[in-house]
Amino acid sequence: MKGRPELYTSYAQDMAFLNTRPKRAWSLGLVVLALLVPFLITDDLLQLLATGFVAAIGAIGLNIVTGYAGQVSLGHAFFLAIGAYTGAALSGSETGRVIGFGITSLPIWLLASGLVAAFFGVLVAPVAVRLRGLYLAIVTLGLVFLGEHVFREWTSLTGGPGVGRPAAIPELFGVRLDRDNAVFTAAQQLYLVMFVLLVIFGVLARNLVRSRVGRAFAAVRDRDLAASVIGVDLTKYKVLAFAVSSFYAGVAGALLFVINGFFDPGSFSLLLSVQYIAMVLIGGAGTISGAIMGALFITLLPRITRELPAVLPFISGDATGAVTVFQVEAVLYGVLIIVFLIVEPRGLFGIWVRVRNYWRTWPFSY
């Protein structure tokens, strides 16, 4: 209502996707800024941001199963690998040294990658019905090591350790997105496509968690026994949470290496799962915006640590020194997770909420 922007007179107004004028203004401003960025910064930074957008899709998927449904999963790297190899195999050359089917259309191999990963998620989900907490985490952790062994030995698909294979070929409406054209560079095209995909999957996830399904996820997370008593089908919603999360992981895995064009079985180690857990916890578990913030933060962090050797001479920029930037990055993931869990459990999203609330009530303190 005019003069009372937060006074709602219907449930539809209260439940609207962007239910306040500031939210609509901020969202529009961010979209406009994101669309202008490709013409303002260099291609290497665009590639970094595009990687961050893809990582955000995967982080949203992990947040759905862990942050919203409360099912601890350390096996996200496994589902990312399933998506990556599905997309690469479908779009790969039929006459190459590794398996390929020559289907280069991005919508086809992207959807297939998500569906295949979701299928494996559904296969794992029945275990989640019987286990919880640490036991579930250990089982999903086993998937990472199982996947590493399978992908290392299945050389006709993966190319083998240290050799690898080309990533999925991004072609949309007959245009190769990984090649420069008369209008855009390859980095600009990939940035814009990844941004659009992030918006689509972010909106879908936000609508999912606001629905009846999302409320069931929250009930299972908060107390599964109580959820069962009030009629929530635990098996159905745990399976659904793993399926949706795995679908998002498969999509992210298929896109993740499109930018650099190459990957090998060593790309899907336990460290990758830890990185995605860090994205969720640092960004804010149980929030879509937090998953995006955390993904961008973790993706941009290596760019910052790569500058440390110039400031701290005892840190080596390659793998030969006593203390390397790669070791510093691994330590930072753990330190940041601990600090955010203790100081700000709601992550970067919680910090944003506190800053927003402060300025909303300023200059009053109540």
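Thresholds applied
- Residues numbered from 1 in each chain as written.
- Predicted model: local features only at pLDDT ≥ 70, side-chain atom pairs only at ≥ 80, totals over all residues.
- Heavy atoms only, no water.
- Helix = DSSP H or I, 4+ residues; strand = E, 2+ residues; numbered from the N terminus.
- Expected span 1.5 Å × (residues − 1).
- Buried < 20%, exposed > 50% of the residue type's maximum accessible area, 1.4 Å probe, protein only.
- Contact = heavy atoms within 4.5 Å.
- Phe/Tyr/Trp six-rings, centres within 6.5 Å; stacked < 30°, edge-to-face > 60°.
- pLDDT = per-residue confidence, 0-100.
- Polar contact = N/O pair within 3.5 Å; in protein donor to acceptor, adjacent residues only side chain to side chain.

Comments concerning helix 12 (residues 270-283)
Compared with an ideal rise of 1.5 Å per residue, which puts 14 residues at 20 Å, helix 12 spans 20 Å between its outermost C-alpha atoms and is within 8% of the ideal. By the criterion of burial, helix 12 is predominantly enclosed, with 10 of the 14 residues buried. All of the buried residues along helix 12 are Leu272, Ser273, Gln275, Tyr276, Ile277, Ala278, Met279, Val280, Ile282 and Gly283. Gly284 occupies a position one or two residues after helix 12 and carries a positive phi of about 130 degrees.

Remarks on the environment of Gly347
Relative to the elements of secondary structure, Gly347 occurs in helix 16 (residues 347-361). When near neighbours in sequence (up to four residues on either side) are disregarded, Gly347 contacts Leu281, Ile282, Gly283, Gly284 and Phe340.

Looking at unusual backbone geometry
At Phe173, a residue that is not glycine, the phi angle is positive and equals roughly 55 degrees. On the secondary structure map, Phe173 appears in the loop between strand 2 (171-172) and strand 3 (175-176).

Examining the environment of Phe145
If you trace the backbone, Phe145 turns up in helix 6 (residues 133-153). Note on Phe145: relative accessible area 44%, which makes it partly exposed. Taking the C-alpha atoms as reference, Phe145 lies 23 Å from Ile99; in sequence the two are 46 residues apart.

Concerning the packing of aromatic side chains
A full pass over the atoms with the stated rule returns 17 aromatic pairs. Ring plane angle 55 degrees and centroid distance 5.7 Å describe the contact between Phe53 and Phe195, whose orientation is recorded as tilted. Of this pair, Phe53 sits in helix 3 (residues 43-68) while Phe195 sits in helix 8 (residues 186-210); the two residues are 142 residues apart in sequence, bridging distant segments of the chain. On the accessibility criterion, Phe53 (7% relative accessible area) is buried. Note on Phe257 and Phe268: the rings are 5.4 Å apart at their centroids and 75 degrees apart in plane angle, and the pair reads as edge-to-face. Highlighted residues: Phe257 in the loop between helix 11 (234-256) and strand 4 (262-263) and Phe268 in the loop between strand 4 and helix 12, separated in sequence by 11 residues. Across the pair, exposure class does not vary: Phe257 and Phe268 are buried alike. Taken together, the ring pairs connect Tyr85, Phe151, Phe257, Phe263 and Phe268 into an aromatic cluster.

A few points about the confidence of the model for the protein chain
In the predicted model, the protein chain carries a mean pLDDT of 87, and the fraction of residues at 70 or more is 97%. Summarising per-element confidence for the protein chain, the mean pLDDT is lowest in helix 1 (residues 11-14) (70) and highest in helix 4 (residues 76-91) (94).

Considering helix 13 (residues 288-305)
Compared with the 26 Å implied by 1.5 Å per residue over 18 residues, the 26 Å span of helix 13 between its first and last C-alpha is a close match. What helix 13 keeps buried is the set Ile288, Gly290, Ala291, Gly294, Ala295, Ile298, Thr299, Leu301, Pro302 and Thr305. Elements that come into contact with the buried residues of helix 13 comprise helix 3, helix 8, helix 12, helix 14 (308-311), helix 15 (325-343) and helix 16. The N-cap of helix 13, judged by a side-chain oxygen 3.1 Å from the amide nitrogen of Gly290 a few residues on, is Thr287.

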